[in-house]
There are 2 protein chains.
Amino acid sequence: MARTTIKDIARIAGVSVTTVSRALNDAPEIRPETRERILRICREQGFRINYLARSLVSSRTHVLGVVLPDLSGPFHAALSLHLERYARERGYQILLCCGRPGDDRIDDLFAFLVSQRVDGILLVSASSAAQELLPSRAQGIPSVLLGDVPPEASCRRINAVSTDNYVGGATAAAYLHRLGHRQVLYLGPRRDSVTHALRLQGFLDTAAAWQMEAQVVYNDLGAASSAANGYRLARQMLAGDFPQTAVFAPSDAMALGVLQAADELGVSVPGRLSLLGYDDIEYAALPKIRLSTLAQPTGALARSAVQLLLELVEEDAPPSYTLKLITPRLVERSSCRSLLPAGR
Amino acid sequence: MARTTIKDIARIAGVSVTTVSRALNDAPEIRPETRERILRICREQGFRINYLARSLVSSRTHVLGVVLPDLSGPFHAALSLHLERYARERGYQILLCCGRPGDDRIDDLFAFLVSQRVDGILLVSASSAAQELLPSRAQGIPSVLLGDVPPEASCRRINAVSTDNYVGGATAAAYLHRLGHRQVLYLGPRRDSVTHALRLQGFLDTAAAWQMEAQVVYNDLGAASSAANGYRLARQMLAGDFPQTAVFAPSDAMALGVLQAADELGVSVPGRLSLLGYDDIEYAALPKIRLSTLAQPTGALARSAVQLLLELVEEDAPPSYTLKLITPRLVERSSCRSLLPAGR
DNA sequence: CCTTTTTCTGCAAACGTTTCCGGCTCCTAT
DNA sequence: ATAGGAGCCGGAAACGTTTGCAGAAAAAGG
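Residues numbered from 1 in each chain as written. Chains lettered and ligands numbered in written order. Predicted model: local features only at pLDDT ≥ 70, side-chain atom pairs only at ≥ 80, totals over all residues. Heavy atoms only, no water.

J.: What is the right way to look at the side chain of B:R199 in this model?
T.: All names here are of chain B. Tracing the backbone shows R199 in helix α9 (residues 194-209). Among buried Asp, Glu, Lys and Arg side chains, R199 stands out as unpaired, with D279 the closest opposite charge at 5.0 Å. Within the local environment of R199, its side chain forms a polar contact with the side chain of N165, the two groups lying 2.9 Å apart. Excluding residues that lie within four positions of it along the chain, R199 makes contacts with N165, G169, Y186, P250, Y278 and Q296. (Helix = DSSP H or I, 4+ residues; strand = E, 2+ residues; numbered from the N terminus. Buried < 20%, exposed > 50% of the residue type's maximum accessible area, 1.4 Å probe, protein only. Lys, Arg positive; Asp, Glu negative; His and termini not counted. Salt bridge = Lys/Arg side-chain N within 4 Å of Asp/Glu carboxyl O. Polar contact = N/O pair within 3.5 Å; in protein donor to acceptor, adjacent residues only side chain to side chain. Contact = heavy atoms within 4.5 Å.)

J.: Sorry, what's going on with unusual backbone geometry here?
T.: With glycine set apart, most residues show a phi of negative sign, and most peptide bonds adopt trans. With an omega of 5°, the peptide bond running from A:V269 to A:P270 counts as cis. With respect to the secondary-structure elements, A:P270 resides in the loop between α11 (252-265) and β9 (274-279). Phi at A:Q211 takes a positive value of approximately 60°, unusual for a residue other than glycine. With respect to the element layout, A:Q211 can be found in the loop between α9 (194-209) and β7 (213-217). In the Ramachandran plot, B:R290 falls in the positive-phi region, its phi being about 50° despite a non-glycine side chain. In this fold, B:R290 is placed in the loop between β9 (274-279) and β10 (292-295). Residue B:R290 is classed as partly exposed on the basis of its relative accessible area of 33%.

J.: Mind showing me how you'd approach the pattern of salt bridges here?
T.: When the charged atoms of two side chains with opposite charge come close together, those side chains can pair. Tallied over the entire structure, the rule returns 22 salt bridges over all chains. Between A:R235 and A:E264 there is a salt bridge; the shortest N-O distance is 2.5 Å. Placement of the pair is A:R235 in helix α10 (residues 227-237) and A:E264 in helix α11, with a sequence separation of 29 residues. Note on A:R235: relative accessible area 31%, which makes it partly exposed. For B:D119, the salt bridge identified is with B:R60, shortest N-O distance 3.8 Å.

J.: Any chance you could explain the interface of chain B and chain A here in plain terms?
T.: By a widely used convention, the size of an interface equals the accessible area lost when the partners come together. In this assembly, 51 residues from chain B lie in contact with 51 residues from chain A. Where chain B meets chain A, there are zero salt bridges. The tally of links between chain B and chain A comes to six residue pairs in polar contact (both at pLDDT 80 or more). Of all the elements in the fold, those that place two or more residues in the side of chain B that touches chain A are α4 (51-58), α5 (74-89), β2 (93-98), α6 (105-116) and α11 (252-265) of chain B. Of the residues contributing to the side of chain B that touches chain A, the split by class is 30 nonpolar, 11 polar and 10 charged. (Nonpolar A, V, L, I, M, F, W, Y, C, P; charged D, E, K, R; others polar.)

J.: How should I be thinking about the protein's contact with DNA strand D in this particular structure?
T.: Every one of the 22 residues lining DNA strand D counts as a neighbour, but A:S16, A:T19, A:R22, B:I6 and B:S21 are closest to it. In the environment of DNA strand D, a base oxygen lies 2.6 Å from a nitrogen or oxygen atom belonging to the side chain of A:R22. Contact distances for DNA strand D include 3.3 Å between a phosphate oxygen and a side-chain N or O atom of A:T34. Contributions of two or more residues to the surface near DNA strand D are made by α2 (17-24) and α4 (51-58) of chain A together with α2 (17-24) and α4 of chain B. (Near = heavy atom within 4 Å.)

J.: Any chance you could explain a nonpolar patch on the surface here in plain terms?
T.: A cluster of nonpolar side chains, contributed by A:L56, A:V57, B:L56 and B:V57, occupies part of the molecular surface with about 380 Å² of accessible area. Of all the secondary structure elements, the ones that give two or more residues to the nonpolar patch are α4 of chain A together with α4 of chain B. Along the chain, A:L56 turns up in helix α4. (Patch = residues over 30% accessible without salt bridge, like charges linked within 9 Å, V, L, I, M, F, W, Y side chains within 5 Å. Areas by Shrake-Rupley, 256 points an atom, 1.4 Å probe, with all protein chains shown as cover.)

J.: Looking at this model, I keep getting lost on the relation of the copies chain B and chain A. Mind explaining?
T.: There are two copies of the chain, and a rotation about an axis plus a shift along that axis relates them. For the pair chain B and chain A, the superposition axis carries a translation of 0.0 Å, the fit reaches an RMSD of 0.1 Å, and the rotation angle comes to 180°. Accordingly, the operation relating the two chain copies is best matched by a two-fold axis. Taking C-alpha positions as the reference, the residue of chain B nearest the rotation axis is B:L52, at 2.6 Å. An overlap of 100% is found between the interface residues of chain B and their copies at the interface of chain A, pointing to a shared contact surface. (Least-squares fit on C-alpha atoms with pLDDT ≥ 70 in both.)

J.: So what exactly am I meant to see when it comes to the packing of helix α1 (residues 6-13) of chain B against helix α3 (residues 32-45) of chain B here?
T.: Two numbers describe a pair of packed helices, the interaxial angle and the distance between the axes. Residue and element names in this part refer to chain B. Following both chains from N to C, one finds α1 and α3 inclined at 120°, their axes separated by 10 Å at the closest point. Relative to α3, the element α1 is oriented oblique. For the crossing formed where α1 meets α3, the hand is right-handed. Between α1 and α3, the residues in contact are I9, I12 and A13 and R37, I38, I41, C42 and Q45, respectively. In the contact of α1 with α3, the residues fall into six nonpolar, one polar and one charged. (Axes fitted to C-alpha atoms, helices over the stretch in contact; angles between N-to-C directions. Parallel < 35°, antiparallel > 145°, perpendicular 65-115°, else oblique. Left-handed = near helix turned anticlockwise from the far one by under 90°.)

J.: How do you make sense of the pairing of strand β5 (residues 160-163) of chain A when you look at a structure like this?
T.: Walk down a regular strand and you will see the side chains alternate between the two sheet faces. Residue and element names in this part refer to chain A. The side-chain alternation of β5 yields two buried faces, one formed by A160 and S162 and the other by V161 and T163. Pairing of β5 with strand β11 (residues 323-326), which is carried by four bridges, proceeds in the parallel orientation. Looking at β11, one finds that A160 is bridged to L323. (Pairing = 2+ DSSP bridges.)

J.: Hey, could you run me through the domain arrangement of chain A in this one?
T.: All names here are of chain A. Domain boundaries in chain A define domain 1 (6-49), domain 2 (63-164 + 298-328) and domain 3 (165-295). With 16 residues of domain 2 in contact, the opposing surface of domain 3 contributes 15 residues. Broken down residue by residue, the surface that domain 2 buries against domain 3 is led by P74, D164 and P328, which jointly contribute 38%. Counting across the domain 2 and domain 3 interface gives zero salt bridges. Here domain 2 is connected to domain 3 by five residue pairs in polar contact (both at pLDDT 80 or more). Of all the secondary-structure elements, those providing two or more residues to the side of domain 2 that touches domain 3 are α5 (74-89), α7 (128-137) and β5. (Domains from an automatic or database assignment. Buried area = accessible area lost by both parts, 1.4 Å probe.)

J.: I tried to follow the sheet that holds strand β12 (residues 329-331) of chain A on my own but got confused; where do I start?
T.: Strands in a sheet are paired, the pairing made by backbone hydrogen bonds, and the direction either parallel or antiparallel. All names here are of chain A. The strand order across the open sheet formed by six strands is β7-β6-β8-β9-β10-β12, and the pairing between neighbours is mixed. Unpaired on one side and paired on the other, β7 and β12 mark the two borders of the sheet. Across the sheet, the mean angle from the axis of one strand to that of its neighbour is 20°, orientation sign disregarded. Relative to β7, strand β6 (residues 183-187) runs parallel, the two sharing five bridges. In the sheet register, L185 faces β7, and the bridge partner there is Q215. Packing of α9 onto the sheet brings it into contact with β6, β7, β8 (246-248) and β9, and relative to β6 it is tilted by some 175°. Across the face of the sheet, α10 comes into contact with β6 and β7 while running at roughly 145° to β6.

The following block contains the structure:
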C-alpha cells in the first residue's frame with residue numbers, strides 16, 4: 001500500500017531528499033560516489049519514483065496524446081505502432097484514445113487529455129469537425145494533425161503531416177486511365193473526411209482531364225471505411241448492370257469488402273472489374289488477394305509527426321507552422337487489368 | 001502556460017478551494033445552488049482539473065496498464081479495442097505498452113507502470129519469463145494475466161482469464177481427424193509461449209489418442225506469429241515432398257502466410273493440403289481466403305479480464321485467485337477438405 | 001429564547017517530487 | 001593569511017489537489 005518514497009531513501013542513505021532527487025536526475029552538483037550509493041539503495045529497496053509528483057512540479061509529463069478514430073483498421077494499427085516506437089526513442093510515452101470522428105466523445109477526449117496534462121496532442125485522421133474543435137480545446141497544448149489535412153492548412157495556422165491525398169487520388173485516376181479504363185467508380189469516400197475530399201478532388205480532376213466518366217458513391221453508413229461497409233456498398237452497386245470497368249476504394253479494408261461482394265455476385269476481378277485500393281495494408285499482398293493499391297508509408301508518416309510535435313513541445317522557438325506532405329506510392333499487383341491491346 | 005486552477009475558480013466564485021473541490025466531486029455536503037454556480041464558472045473558464053494532483057493525493061489514477069507483445073496482429077488489435085471499451089465503461093483509462101515477450105524491455109515496462117502508479121496491470125499473451133517476473137515487480141499492484149496462462153495457474157496464486165488452449169488444440173486435432181486426416185503438421189508454435197505449449201499439448205494428446213501422425217515445426221524466428229513467419233516456415237516445409245495432408249497453424253496471421261507459400265509453391269489448398277487456423281481474424285472470412293479456424297471470442301475475453309481486474313482494484317475483499325477459461329469455437333469455412341468418401 | 005442538531009463552508013495538512021537559495025568545506029591564487 | 005571560488009549538500013517553498021477537523025449559520029426542538 002504505502003510505497004517507498006524519496007524520503008525513505010534519504011533516511012536510509014543519511015542524506016536529504018534534495019540529494020536523492022539529484023542522484024536520480026543525475027544532476028551535476030553531486031559527488032559520483034554518493035550518487036552511486038544512493039542509486040544502489042534505490043535498487044535494493046525496489047524504489048520507483050512517482051511520475052505523478054514529478055510531473056506535478058515539473059509540469060512535464062512526457063506523455064503524448066494520440067487520438068484516432070479506431071484501431072481496428074490495419075492502417076491505423078500500423079501507424080500507432082510506429083508512433084509508439086518513435087515516441088519511445090525520444091523518451092515519450094503514448095496515450096492512445098479512440099474516438100469515432102465527429103462523435104461527441106471527441107470533445108470529452110480533448111478534455112481528458114488536458115486533464116492528463118499531456119505534453120502534446122496528435123490528431124489522426126480526424127473529421128473536420130474534430131479539427132475545428134481542436135484549437136479551442138487544446139488550451140495551448142502543442143498539437144499536430146496527422147493524415148487528414150484540410151487544403152487551407154497552412155493558412156489556418158496549423159501543424160500537420162499527411163500523405164498527399166490529392167496526388168494520391170490523381171495517381172489512381174491516371175493509373176486507371178493508363179490501363180485503358182474510361183468509366184470508373186469511386187466507391188466509399190466519407191463526406192465528413194477531409195482526406196477523402198482531397199483524394200476525391202484529385203481523382204475527379206484527373207479523370208476530367210483525361211475525359212473519363214467518373215461516378216462517385218459516398219459512404220454514409222457511419223463508422224470507418226471498414227471491409228463491412230465496402231461490402232454493403234458494393235453489394236448494392238454491383239447487383240445490376242453497371243457500366244464501369246474499374247472501381248477505386250479509399251482504403252484497402254474497404255476494397256477487400258468490395259472484393260467479397262464481387263465474388264458473391266459472380267463479377268470477376270479483375271476480369272470484369274478492376275479494383276484499386278489505398279493504404280497497402282499487410283493483407284493486400286496475400287497471394288489470393290494481390291490488391292493493387294496506393295501505399296501510405298506509415299513509418300515515414302509517424303516519424304515526421306512525432307518529430308514535428310516534439311519540436312513544438314521541446315523548443316521554445318518562435319511559433320511556426322509547417323505542413324509536411326508525403327507522396328503515396330503506387331504498388332501494382334494484379335487486381336487491375338489493362339484494357340488495351342496487348343501489343344500496346 | 002499557467003493553466004487555471006481550482007484556486008482561480010475559488011477566487012472568482014468567492015468560495016474556498018475546498019468548496020470547489022467538493023463541487024467537482026459532487027460531494028454530499030454542498031448546497032446544490034453553490035455547486036451549480038461553481039460548475040458554471042468552471043465551464044466559462046474552460047477549467048480542467050489536474051489529474052496529476054488529484055491522483056497524487058488520492059493515490060488512485062484510474063489508469064489500467066495493458067502490456068502486450070505488439071499491436072500488429074489483428075487478434076491483439078481487436079482485443080485492445082475491447083479492453084479500452086470495457087475499461088472506459090467503468091471509468092478507467094488504458095495505458096497501452098508494447099513489449100515483445102521475453103524481451104529485456106518487459107522489465108522496464110513494469111517499472112514504468114509502477115512509476116505511473118497505474119491502478120492495475122493486464123498482462124496479455126506474455127511469455128513465461130514475463131509471467132515469472134510480474135509478481136516480484138508489480139509491487140502489490142493488482143494484475144491479471146490474459147490469454148496466456150500456465151497450467152499450474154491456480155496453484156501459483158494468480159488471476160487469469162484465457163481461452164482454453166488445451167481444448168483448442170484438442171478440437172483442432174479432433175476436427176482434422178474427423179475429416180479423415182491421419183498425417184498432420186503443427187506449424188509454428190513458439191517455444192517460449194505458454195499458450196502455444198498448451199495448445200500443442202492438446203493437439204498432440206488428441207492426435208495420439210486417434211493414432212494420427214503429428215509432426216511439429218517450432219517457430220524460432222523470433223517476433224510474433226506473423227504472416228511473414230508463417231510464410232518463411234511454410235516455404236521450407238512445403239518445398240519438397242511432404243507426407244502431411246493438413247496443417248494447423250497457431251494463428252490466422254500465420255495461416256495466411258502459409259497460404260501464400262502454398263500458393264507460390266503450387267500446392268493447392270485445400271486440394272493437396274488442408275489448412276486450419278486459430279483466432280478468427282477479420283480477414284479469415286474473406287471470400288478468396290475462407291480460412292477454417294478456431295475463434296477466440298475477444299469480446300468475452302476482454303470483458304472478463306477487466307471485470308476481474310477491477311474487482312481486485314476496487315474491492316478490498318480478502319484476496320482470492322480466480323482462473324477463467326473460455327472455450328474456443330470451431331468455425332468451418334473451406335480451407336479444410338474431407339478425405340472421407342462422400343457418402344458417409 | 002436557549003439549546004441541540006443539521007447543514008454548509010473554510011483552514012490547513014497532507015501527497016511526493018523539484019528547485020531556488022544559502023551554507024559549509026576545501027582548494028587556489030594573490 | 002585571506003579572499004574568492006568551486007564543489008557539494010540541506011532547508012523550505014512550491015506544484016494543484018483531497019480531506020479531517022472545526023467553526024458558523026440555520027433549522028429544529030423544548
